[in-house]
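Examining the three-dimensional arrangement
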Amino acid sequence: MSLQHSGILLVVSGPSGVGKGTLIAGVRRRHPEVRLSVSCTTRPPRPGEQEGVDYFFVSAEEFDRLCAQGCLLEWAEVYPGLRYGTPRKPVEEALARGEDIVLEIDDQGAHSVRRVMGERAVLVFVAPPSFAELRRRLADRNTESDEQLQARLITARQEISHLDDYDHVIVNDQIEPATAELEAVLVAARSAQRAGRWQALRDRLLAEADALLRPSAEVASSG
Ligand code: 5GP
């Protein structure tokens, strides 16, 4: 019999450009067993992005079909005309196998996951040390036009206004300590009492205790 409990669903959210991906990659280097959910998006690939690794790049029609067929655990129109969604099956399968899985999704998606998965999901918000620094990081990334950059900053402001709804907030000022904080959340979540995660272990230990203690109880009662 295994000691395995059900897996952790770690939802990492926060403004675009805040460094969520970097922190998640850092945690996964230390915990390679943690899986990463690959989202579907209607956004076109950026140079260097790989199909099935960074995203599944799909047409608007394909995205409609995935929604209609219930294949997405959550989805959101993160920017006008651009939809992103989490494929349901890999998440459910990982959790059922007792594997931990990380979702890097926007604030709307994090709220949807909370609605669907309840307390089972651990919600982490990654915040920038300042709004000016967030703007600088996004601009340095050089992947968006001025107009897109502005749209991302407006969305960022909206996301920051929901920071209270999260279980944990990590300020990504410096990568190393922020990565260590995300790792600490994962490690703490593994031992946390959430949604009956430890029931199977409790039941097994009690059954073992009963089996082990029975002979002495019988001796005591016959004595
Ligand atoms: P980007 O276009 O920079 O790759 O991602 C833009 C935003 O979309 C990020 O803030 C990211 O968290 C969010 N995002 C990526 N995948 C998903 C997803 O599956 N669902 C939701 N709701 N948001 C996502």
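Rules behind the numbers
- Residues numbered from 1 in each chain as written.
- Predicted model: local features only at pLDDT ≥ 70, side-chain atom pairs only at ≥ 80, totals over all residues.
- Heavy atoms only, no water.
- Near = heavy atom within 4 Å.
- Polar contact = N/O pair within 3.5 Å; in protein donor to acceptor, adjacent residues only side chain to side chain.
- Areas by Shrake-Rupley, 256 points an atom, 1.4 Å probe, with all protein chains shown as cover.
- Helix = DSSP H or I, 4+ residues; strand = E, 2+ residues; numbered from the N terminus.
- Axes fitted to C-alpha atoms, helices over the stretch in contact; angles between N-to-C directions.
- Left-handed = near helix turned anticlockwise from the far one by under 90°.
- Contact = heavy atoms within 4.5 Å.
- Nonpolar A, V, L, I, M, F, W, Y, C, P; charged D, E, K, R; others polar.
- Core = buried A, V, L, I, M, F, W, Y, C linked by side-chain atoms within 4.5 Å.
- Buried < 20%, exposed > 50% of the residue type's maximum accessible area, 1.4 Å probe, protein only.
- 1 Å grid on protein atoms, 1.4 Å probe; cavity = no way out; pocket = protein on both sides within 12 Å on 5 of 7 lines; lining within 4 Å.
- Points joined across faces, edges and corners; volume = space filled by probe spheres on them.
- Salt bridge = Lys/Arg side-chain N within 4 Å of Asp/Glu carboxyl O.

**Overview of the site of the ligand**
In the neighbourhood of the ligand, 18 residues make up the surrounding shell, with S39, R43, Y55, Y84 and D106 lying closest. Within the side chain of R46, a nitrogen or oxygen atom sits 2.9 Å from an oxygen atom of the ligand. Residue Y55 places a side-chain N or O atom 2.5 Å away from an oxygen atom belonging to the ligand. Protein chains bury 95% of the 510 Å² of accessible surface belonging to the ligand in isolation. When residues of the shell around the ligand are traced back to their parent elements, those giving at least two are β5 (72-79) and β6 (82-87).

**Quick notes on the packing of helix α5 (residues 131-141) against helix α6 (residues 146-160)**
Remark: α5 packs on α6, axes separated minimally by 11 Å, with the N-to-C direction vectors making an angle of 145°. Note on packing geometry: the crossing formed by α5 with α6 is right-handed. Taken together, the residues of α6 that come into contact with α5 (itself represented by F131, L134, R135, L138, A139 and R141) are L149, R152, L153, A156, R157 and I160. Across the contact of α5 with α6, the residue classes break down as eight nonpolar, no polar and four charged.

**Considerations on the nonpolar core**
Core analysis: the largest hydrophobic core is formed by 23 residues, its most contacted members being L10, V12 and L182. Those elements that provide at least two residues to this core are β1 (9-13), α1 (20-30), β8 (121-127), α5, α6 and α7 (175-191). Once residues within four sequence positions are removed from consideration, L10 is found in contact with I101, V102, L103, V122, V124, L182, V185 and L186. Judged by nonpolar contacts, the second largest core, of 17 residues, contains A94, L95, A121 and L123.

**Some details on the layout of surface pockets**
Considering only enclosed or pocket space, the largest pocket measures out at about 1,000 Å³ in volume. In terms of lining residues, the largest pocket is bounded by 40 residues, among which K20, G21, Y55, E104 and R141 are the most central. Where the lining of the largest pocket is concerned, the elements lending two or more residues are α1, β5, β6, α5 and α6. The dominant element in the lining of the largest pocket, judged by the number of residues it contributes, is α1, at six residues. In terms of residue class, the lining of the largest pocket is built from 13 nonpolar, 13 polar and 14 charged. Each pocket or cavity is described by its volume, and for the second largest pocket that value is around 260 Å³. If you tally residues by element for the lining of the second largest pocket, the top one is α6, at four residues. Grouping the constituent residues of the lining of the second largest pocket by class yields five nonpolar, two polar and five charged.

**With respect to the environment of G7**
With respect to the helices and strands, the residue G7 is situated in the segment before β1. Separated by 113 residues in sequence, G7 and R120 have C-alpha atoms that sit 9.2 Å apart. Excluding its chain neighbours within four sequence positions, the residues that come into contact with G7 are L95, G98, E99, D100 and R120.

**Section: the packing of α1 against α7**
Closest axis-to-axis distance for the α1/α7 pair is 9 Å, and the angle between their directions is 60°. Pair α1 / α7 crosses with right-handed handedness. Between α1 and α7, the residues in contact are T22, L23, I24, G26, V27 and R30 and I175, E176, A178, T179, A180, L182, E183 and L186, respectively. Residues that form the contact of α1 with α7 fall into these classes: eight nonpolar, three polar and three charged.

**As for the pattern of salt bridges**
Under the counting rule described, the total for this entry stands at 21 salt bridges. Note that E62 and R65 form a salt bridge whose closest N and O atoms lie 2.9 Å from each other. Here E62 pairs with R65, and both are found in helix α2 (residues 60-68), just three residues apart, close to one helical turn. Across the pair E144 and R152 runs a salt bridge, and its minimum N-O distance is 3.6 Å. This pair shows no difference in class: E144 is buried, exactly as R152 is. Via salt bridges that share partners, R43, R46, E49, R141, E144 and R152 belong to a single interconnected network.

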